[in-house]
Amino acid sequence: MVNIGVSFPPKVTHICCIGAGYVGGPTSAVMAAQCPDIRFTVADTDSARIAAWNSSNLPVYEKGLDDLVKMQRSVNLFFTTDVDSAIRQAEMILIAVNTPTKTRGVGSGKAADLRNVEMCVRRIATVAETDKVVVERSTVPCGTGQMVAGILDEFAKPGVQFHVLSNPEFMSEGSAIANLLHPDRVIIGAHGTSQWAQGLLRAVYEQWVPRDRILTMDLWSAELSKLAANAMLAQRISSINAISAVCEAAGASVKSVADGVGSDRRIGRDFLDASVGFGGSCFHKDVASLVWLSQSLNLPEVAEYWSQVLAMNSFQISRFARTVSQTVVGGLEDKRIACLGFAYKSGTGDSRNTPAAEVCRYLLDEGAHLAVYDPKVPDQHIRDRMEELGCDLSQVSVCASAEEAADGAQAVVVLTAWKQFLALDWEIVYGSMAKPAYVFDGQLMLEPETMRRLGYHFYQIGHPRSP
Ligand SMILES: NC(=O)c1ccc[n+]([C@@H]2O[C@H](COP(=O)([O-])OP(=O)(O)OC[C@H]3O[C@@H](n4cnc5c(N)ncnc54)[C@H](O)[C@@H]3O)[C@@H](O)[C@H]2O)c1
């Protein structure tokens, strides 16, 4: 008879997080600050990323993150490429590696590529010399815990036991630190003999999260909760974006409709802001993963339902880009177009899967010259994302300010809701632009009356057109 958990100390003293990305870095920094008695080691095979975490130029931008890392680094927070030592020393191992969409083979374009998770788990199994709690933090399809447990059992050293938990991360880029400090909920899923380990992880969270916000459940439900949450958030965006198209055609205002709809407490106002579409590393991949999961479970109608959320997002992005090209008098051939914002949303320097890149590709295909500015996305990332989409980079310049991008442009296209675009002196910008000057607001940021008074031809998603 196995004595579950007897080799564990009553409290966790050392946690290792594998994956030093947008999740692994910020979550470990917050946990380290909240749990001074626990040592956190963040391990990653990407040496450039680890070097950046150990420098003053962190690889991830989030409000408050720099200060947190400065405060905890070398106190109880360490970043290393020595994954094996980090695994050996920790009692609990968080897996926070990337789980992108598969790009070939069965499920290509939909299923989650679990290679990184599998590699981590193999490594944990072969390296660990003592019992470990292994926690899935990455977003994975329902049932992955079984694969994880299977690999651990297969490759474990004699006498070493593993206990698998699912603890999906719900933070949102752009407000990651606030979300991690005050989460709406923490979910900890476990099966059978690993249930005792839920208590161990719960005790870690209880150091700063109110008890009633920590939900324990079975492993499959925990895994599925994350996919379902992202699918429903993406669905809300696609729903309001679908309404924005109706508003434009019918002459209504999507802002007013969102207020009217969202003031119903059963619906709520959050996540009802129409925009050029959703992006980022999660929404598309997680909805696609749910589509694939539904297909795999022989539920084609469910798969079709969720796939429409993605279809509506693509429609919104191309609808917006088409509006730009069809509105500018004489088309876009050889015209300078300023693209303000490239991050997939404000508050982050992340440009993975950003709608801005898709819009840029469309405008380039129409013959435009693009002048792109984003306050947080590194220049090289802007070029990389466009290159991934096959864009002709010779027609793209990356600018150091919004004013520089707009100088001589026929149109300004607002693609990310950075507050600094609100504070621009739009009168001076107007003076520097080619005429007639157009502004296409894909983020519902600017005040239509003011912009039109300044002389702009102004278009805003989900609103009647400029007269
Ligand atoms: N970014 C978000 O806002 C967010 C929010 C919630 C959940 N998630 C989920 O969290 C997971 C991680 O997302 P992310 O945005 O942090 O990804 P990321 O790409 O920023 O970081 C992942 C890191 O894992 C490292 N890695 C991959 N395989 C490895 C291995 N075998 N050994 C060691 N290191 C390895 C990579 O080098 C990379 O630095 C994903 O499953 C994602 O869906 C992301």
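Computed from a predicted model, the values in this text were never measured in an experiment.

Trainee: Kindly report on empty space enclosed by the protein, identifying the contributing residues and their values.
Mentor: Over the atoms, a rolled probe matching the size of one water molecule traces out where space is still vacant. Evaluation of the coordinates by the stated rule reveals one cavity of 30 Å³ or more. Of the volumes computed, that of the largest cavity is approximately 40 Å³. Lining the largest cavity are Glu 136, Ser 138, Thr 139, Val 140, Ser 166, Pro 168, Glu 223 and Lys 226. By residue class, the composition of the lining of the largest cavity is two nonpolar, three polar and three charged.

Trainee: Can you explain unusual backbone geometry? Please cite residues and give values.
Mentor: That bond from Lys 435 to Pro 436 is cis: its omega, -5 degrees, falls within 30 degrees of zero. When you line up the elements, Pro 436 lands in the loop between α16 (426-432) and β13 (438-441). Positive phi, normally seen in glycine, also occurs at Asn 298, with a value near 60 degrees. Note on placement: Asn 298 falls in the loop between α11 (283-296) and α12 (300-327).

Trainee: Residues and numbers for the sheet that holds strand β4 (residues 92-95), please.
Mentor: The strand order β3-β2-β1-β4-β5-β6-β7-β8 describes an open sheet built from eight strands, whose pairing is mixed. Across the chains shown, the open sheet's two edge strands, defined by having one partner strand only, are β3 (77-80) and β8 (214-218). Geometrically, the sheet is characterised by an average inter-axis angle of 25 degrees between neighbouring strands, direction not taken into account. Along the sheet, helix α9 (residues 219-250) contacts β5 (132-136), β6 (162-166), β7 (186-190) and β8; its crossing angle with β8, the most-contacted strand, is approximately 120 degrees.

Trainee: If you had to explain the state of the cysteines to someone new, which residues and values would you point to?
Mentor: In total, this model carries zero disulfides according to the counting rule given. Cysteine Cys 339 is unpaired, with the sulfur of Cys 360 as its nearest cysteine sulfur at 3.9 Å. Accessibility expressed as a relative area gives 0% for Cys 339, which makes it buried.

Trainee: So, the nonpolar core: which residues are in play, and what are the values?
Mentor: Grouped together as the largest cluster of nonpolar side chains are 64 residues, with contacts concentrated most on Phe 320, Leu 363 and Trp 426. Considering each element in turn, this core owes the most residues, six residues, to helix α13 (residues 355-365). Contact partners of Leu 363, with chain neighbours within four places excluded, come to Ala 321, Val 324, Leu 332, Ile 337, Cys 339, Ala 368, Leu 370 and Val 413.

Trainee: Before we move on, could you go through the site of the ligand and cite the residues and values that matter?
Mentor: Around the ligand sit 27 residues in total, of which Asp 44, Arg 49, Thr 99, Glu 173 and Lys 285 are the nearest. Asp 44 has a polar side-chain atom sitting 2.6 Å from an oxygen atom of the ligand. Burial of the ligand by the protein chains amounts to 93% of its free accessible area of 830 Å². For the shell around the ligand, the element with the highest residue contribution is helix α5 (residues 115-127), accounting for three residues. The class makeup of the residues in the shell around the ligand is ten nonpolar, nine polar and eight charged. Taken domain by domain, the makeup of the shell around the ligand includes at least three residues from each of domain 1 (14-101 + 108-209) and domain 2 (220-467).

Trainee: Outline the domain arrangement of the protein chain, listing residues and values.
Mentor: Looking at the protein chain, the domain boundaries give domain 1 (14-101 + 108-209) and domain 2 (220-467). Computed from C-alpha atoms alone, the centre-to-centre distance between domain 1 and domain 2 is 32 Å. Taken together, the 30 residues of domain 1 in the interface contact 26 residues of domain 2. Carbon and sulfur atoms supply 60% of the area that domain 1 and domain 2 bury against each other, a total of about 2300 Å² over both sides. Taken together, domain 1 and domain 2 are joined by one salt bridge. Measuring nitrogen to oxygen at the nearest pair gives 3.5 Å for the salt bridge that ties Glu 173 to Arg 352.

Trainee: Can you break down the pairing of β6 residue by residue, with the values?
Mentor: Buried residues dominate β6, accounting for five of its five residues. Where burial is concerned, the two faces of β6 agree: the one with Phe 162, Val 164 and Ser 166 and the one with His 163 and Leu 165 are both buried. Of the pairings in the sheet, the one linking β5 to β6 comprises five bridges and is parallel in character. Looking at β6, one finds that Glu 136 is bridged to Ser 166.

Cut-offs and rules
Note on numbering: residues in each chain are counted from 1, in written sequence order. Per-residue local features are limited, in this predicted model, to residues with pLDDT of at least 70; the limit for side-chain atom pairs, both in listing and counting, is 80 or more; totals at the level of whole chains, interfaces and linings are taken over all residues. Side-chain measures here rest on the full set of heavy atoms in the structure, leaving out hydrogens and waters. Lining residues are those with an atom within 4 Å of a point, where the points come from a 1 Å grid over the protein atoms alone and group into cavities, where a 1.4 Å probe fits but cannot get out, or pockets, open sets with protein on both sides within 12 Å along at least five of seven lines. Grid points are joined across faces, edges and corners, and a volume is the space filled by probe spheres set on the points. The classification used treats Ala, Val, Leu, Ile, Met, Phe, Trp, Tyr, Cys and Pro as nonpolar, Asp, Glu, Lys and Arg as charged, and all other residues, Gly among them, as polar. A run of H or I in DSSP becomes a helix once it reaches four residues, and a run of E becomes a strand once it reaches two; helices and strands are each numbered from the N terminus. A pair of strands is labelled paired if DSSP reports no fewer than 2 bridges between them. In this description, a line fitted to the C-alpha atoms serves as the axis of each element, helices being fitted only across the stretch in contact, and the angle between N-to-C directions of two axes falls anywhere from 0 to 180 degrees. Here, residues are in contact when the closest pair of their heavy atoms is within 4.5 Å. The disulfide definition used here is simple: a pair of cysteine sulfur atoms within 2.5 Å. Buried residues are those whose accessible area, probed at 1.4 Å on protein chains only, stays under 20% of the maximum for their type, while exposed residues exceed 50% and partly exposed ones sit between those limits. The definition of a nonpolar core used throughout is a set of buried Ala, Val, Leu, Ile, Met, Phe, Trp, Tyr and Cys residues joined through side-chain atoms within 4.5 Å. We call a residue near a molecule or strand as soon as one heavy atom of that residue lies within 4 Å of the molecule or strand. Contacts described as polar in this section are N or O atom pairs within 3.5 Å, which, within protein, must combine one atom able to donate a hydrogen with one able to accept it, while residues neighboring in sequence count only if both atoms come from side chains. Each accessible area value is a Shrake-Rupley result obtained with a 1.4 Å probe; residue values ignore everything except the protein chains displayed when judging cover. All the domain ranges listed were derived from an automatic or database domain assignment. By definition, the buried area sums, over both parts, the 1.4 Å-probe accessible area that each loses when the two are put together. In the sections that follow, a salt bridge refers to a side-chain nitrogen of Lys or Arg positioned within 4 Å of a carboxyl oxygen of Asp or Glu.

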